[in-house]
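# Summary of the model geometry
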Amino acid sequence: MKRMLLLTFLLLGSTLAALSQDAVKYTDASAFPVFGKAYSDEGPRYRRFPQSLEGVVREPLWNLSTNSSGLYIRFRSNAPAIYAQWTNTGYHMPHMTDCGVGGLDLYAYLDGEWKFVGSGFNWGGGKEHKRKMVANMDPAEREYMLYLSLYDEVKTLELGVPEGYTLEQPVLESPRADAPVVMYGTSILQGGCANRPGMAHTNIIGRRLDRTVINLGFSGNAFLDLEVAQLMADVENPAAFVLDYVPNASPDKIEARGESFYRILREKHPTVPIIFVEDPLFPHSVVDKAMAEEIRSKNAAQKALFERLTAAGEKNIYYLPAQGMTQPEDFVDGVHLTDLGMVHYADHLVPLLKKVL
């Protein structure tokens, strides 16, 4: 008798689950605009490089460019719940949450600003994901922004709402996308190690400025590749360029490639502000003499490049020192930033961006 009751409950649970699933209507996210890309759609939708660069750029750089960092989907719905299902490679890193690496992050436009309302990830990891992003809302028209994964490629993505509710194109032009800030840098800029995609400092900056930020951060590979400079230069109507490559680039690379990288941007955009950023003051440099010397030499090379350009009469270039950028408790591993560190980085950069914009 007990076994029959248990079987009945299991069957009832399965039936209810099936009914619940059937009650959600999914739409491929390709029906909605994606923002944060440096180029018009070409090749797989949720990558940061056009397909034409495969085999042209270094292989590690290409592989990192498939990560969806900084990209976001915009849509509108009157539904009381929002669902998402997506696939990726299932990549995992021990010092960063799976939500940040391969998850999604949902924001709603409420009371005149973008507010976090739900994150998407699977407890068990894997390559296939399904998540109720937010639920139990009053059914009302709202604008949404869905940030994509920071260290994995979103290969497929569908958005879901309960049957009978709408999933439509956005009508609000926020963040504005007509004049993006284009940022180039390292694993930190890519989003390491934010707990969730919306907390990457590029995404924080985008919300604070109400402006699209293009994330060209490449973990361990910001080596001033000139192909990246050309891609940045090809962005239509950029508002500003931020060059934050120093954590990866050696003094020799900065000396050899820094000015060429800059000239590619400047030739195409004679008046667009360009910001040079120093290497962060990593906390262990207080006791690690080798790290202290590495930071000193890299920042000296960056400063020398900036001063050389200034002496040559270059205009609309700005320099952001490391002092005040981070605090000792901002780091996961002494190098990559926690959410707190991401906020501090944004606090450091946003005033200068507001000034130059």
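Residues numbered from 1 in each chain as written. Predicted model: local features only at pLDDT ≥ 70, side-chain atom pairs only at ≥ 80, totals over all residues. Heavy atoms only, no water.

## Points about the overall build of the protein chain
Put simply, the rule reads: Here a strand is any run of E in DSSP of at least two residues, a helix any run of H or I of at least four, and the numbering for each starts at the N terminus. As defined in this context, the radius of gyration uses C-alpha atoms, and a globule is described by 2.2 Å times the residue total to the power 0.38. Relative accessibility decides the category of a residue: with a 1.4 Å probe and only protein chains considered, values under 20% of the type maximum give buried, values over 50% give exposed, and everything between is partly exposed. Any two residues whose heavy atoms approach within 4.5 Å at even a single point are treated as in contact. Each accessible area value is a Shrake-Rupley result obtained with a 1.4 Å probe; residue values ignore everything except the protein chains displayed when judging cover. Working convention for charge: Lys and Arg count positive, Asp and Glu count negative, and His plus the chain ends are omitted. Here the site of a charge means atom NZ of a Lys, CZ of an Arg, CG of an Asp or CD of a Glu.
Along the backbone of the protein chain there are 9 helices and 15 strands. The C-alpha radius of gyration computed for the protein chain amounts to 22 Å, which stays within 12% of the reference 21 Å derived for 357 residues, consistent with globular compactness. Along the three orthogonal principal directions, the C-alpha set of the protein chain runs to about 85 × 45 × 40 Å. Split into buried and exposed, the 357 residues of the protein chain put 55% on the buried side. Put simply, 80% of the contacts in the protein chain that link residues at least 6 apart link residues at least 24 apart. Carbon together with sulfur atoms contributes 54% to the accessible area of the protein chain, which is approximately 15700 Å² in total. Separation between the mean location of the 35 positive side-chain charges and that of the 43 negative ones in the protein chain comes to 2 Å.

## Observations regarding the side chain of arginine 207
The criterion, for reference: Salt bridges, as used here, are contacts in which a Lys or Arg side-chain nitrogen is within 4 Å of a carboxyl oxygen on Asp or Glu. N or O atoms within 3.5 Å of each other form a polar contact, as long as, within protein, one can give a hydrogen and the other can take it, and as long as residues adjacent in sequence are counted only when both atoms are side-chain atoms.
By the element assignment, arginine 207 lies in helix H5 (residues 201-209). Aspartate 105 provides the closest opposite charge to the buried, unpaired arginine 207, separated from it by 6.4 Å. Separated by 3.1 Å, the side chains of arginine 207 and tyrosine 147 make a polar contact. In this structure, arginine 207 is in contact with Tyr107, Trp114, Met145, Tyr147, Gly198 and Met199, ignoring residues within four places of it in sequence.

## Things to note about the sheet that holds strand E7 (residues 128-134)
Stated formally: The pairing criterion for strands is at least two bridges between them, as found by DSSP. Interaxial angle, 0 to 180 degrees, is taken between N-to-C directions of lines fitted to C-alpha atoms, where a helix line uses only the stretch in contact.
Spatial strand order, E1-E9-E4-E7: 4 strands in an open sheet with antiparallel pairing. Edge strands, defined here as strands with exactly one partner in the open sheet, are strand E1 (24-28) and E7. Averaged over all pairs of adjacent strands, the angle between strand axes in this sheet comes to 25°, irrespective of strand direction. As paired strands, strand E4 (residues 82-87) and strand E9 (residues 156-162) are joined by 5 bridges and run antiparallel to one another. Within the sheet, the bridge partner assigned to alanine 84 lies in E9 and is leucine 159.

## Digging into empty space enclosed by the protein
Where we set the bar: Cavities and pockets are found on a 1 Å grid laid over the protein atoms alone: a cavity is a set of points where a 1.4 Å probe fits but cannot escape, a pocket is an open set with protein on both sides within 12 Å along at least five of seven lines, and a lining residue has an atom within 4 Å of such a point. Grid points are joined across faces, edges and corners, and a volume is the space filled by probe spheres set on the points. Under the scheme applied, nonpolar residues are Ala, Val, Leu, Ile, Met, Phe, Trp, Tyr, Cys and Pro; charged residues are Asp, Glu, Lys and Arg; polar residues are all the others, including Gly.
Counting across every chain of the model gives 2 cavities of 30 Å³ or more. As for the largest cavity, its lining consists of Gly70, Tyr72, Met145, Tyr147, Pro175, Thr202, Asn203, Gly206, Arg207, Arg211, Thr212 and Val213. Mapped by element, the contributors of at least two residues to the lining of the largest cavity are strand E8 (142-147), H5 and strand E12 (211-217). Sorting elements by how many residues they give to the lining of the largest cavity places H5 first, with 4 residues. Put simply, the second largest cavity is a space of about 40 Å³. Thr186, Ile188, Asp244, Pro247, Pro280, Met325 and Tyr345 are the residues that line the second largest cavity. Residue composition of the lining of the second largest cavity, grouped by class: 5 nonpolar, 1 polar and 1 charged.

## Structural notes on unusual backbone geometry
A cis amide bond, omega -10°, links serine 174 with the succeeding residue proline 175. Position of proline 175 relative to the elements: it lies in the loop between strand E10 (167-168) and strand E11 (176-185). Between glycine 192 and cysteine 193 the backbone carries a cis peptide bond, its omega angle lying at 5°. Turning to its location among the elements, cysteine 193 is positioned in the loop between helix H4 (187-190) and H5. Of note in this structure, asparagine 237 is not a glycine but carries a positive phi near 55°.

## Things to note about the nonpolar core
Counted only if it meets this: What we call a nonpolar core is a set of buried Ala, Val, Leu, Ile, Met, Phe, Trp, Tyr and Cys residues that are connected through their side-chain atoms within 4.5 Å.
Counting 41 residues, the largest nonpolar core has Met183, Ile205, Val242, Ile275, Tyr345, Leu349 and Leu353 as the members making the most contacts within it. At the level of secondary structure, the elements contributing two or more residues to this core comprise E8, E11, H4, H5, strand E13 (240-244), strand E14 (274-277), helix H8 (289-311) and helix H9 (339-356). Counting residues per element, this core draws most heavily on H9, at 8 residues. When sequence neighbours within four positions are dropped, the list of residues in contact with leucine 349 reads Met183, Ile205, Val242, Ile275 and Leu320.

## Side note on the sheet that holds E13
Strands sit in the order E12-E11-E13-E14-E15 across an open sheet of 5 strands; the sheet is parallel. Each edge of the sheet is formed by a strand with only one pairing partner; in this case those strands are E12 and strand E15 (317-320). Taking the axes of each pair of neighbouring strands and ignoring which way they run, one obtains an average angle of 20° across the sheet. Relative to E15, E14 is paired through 4 bridges, and the arrangement is parallel. Bridge assignment links valine 277 to a residue of E15, and that residue is leucine 320. Lying on the sheet, helix H7 (residues 251-268) is in contact with E11, E13, E14 and E15; it crosses E14 at an angle near 160°.

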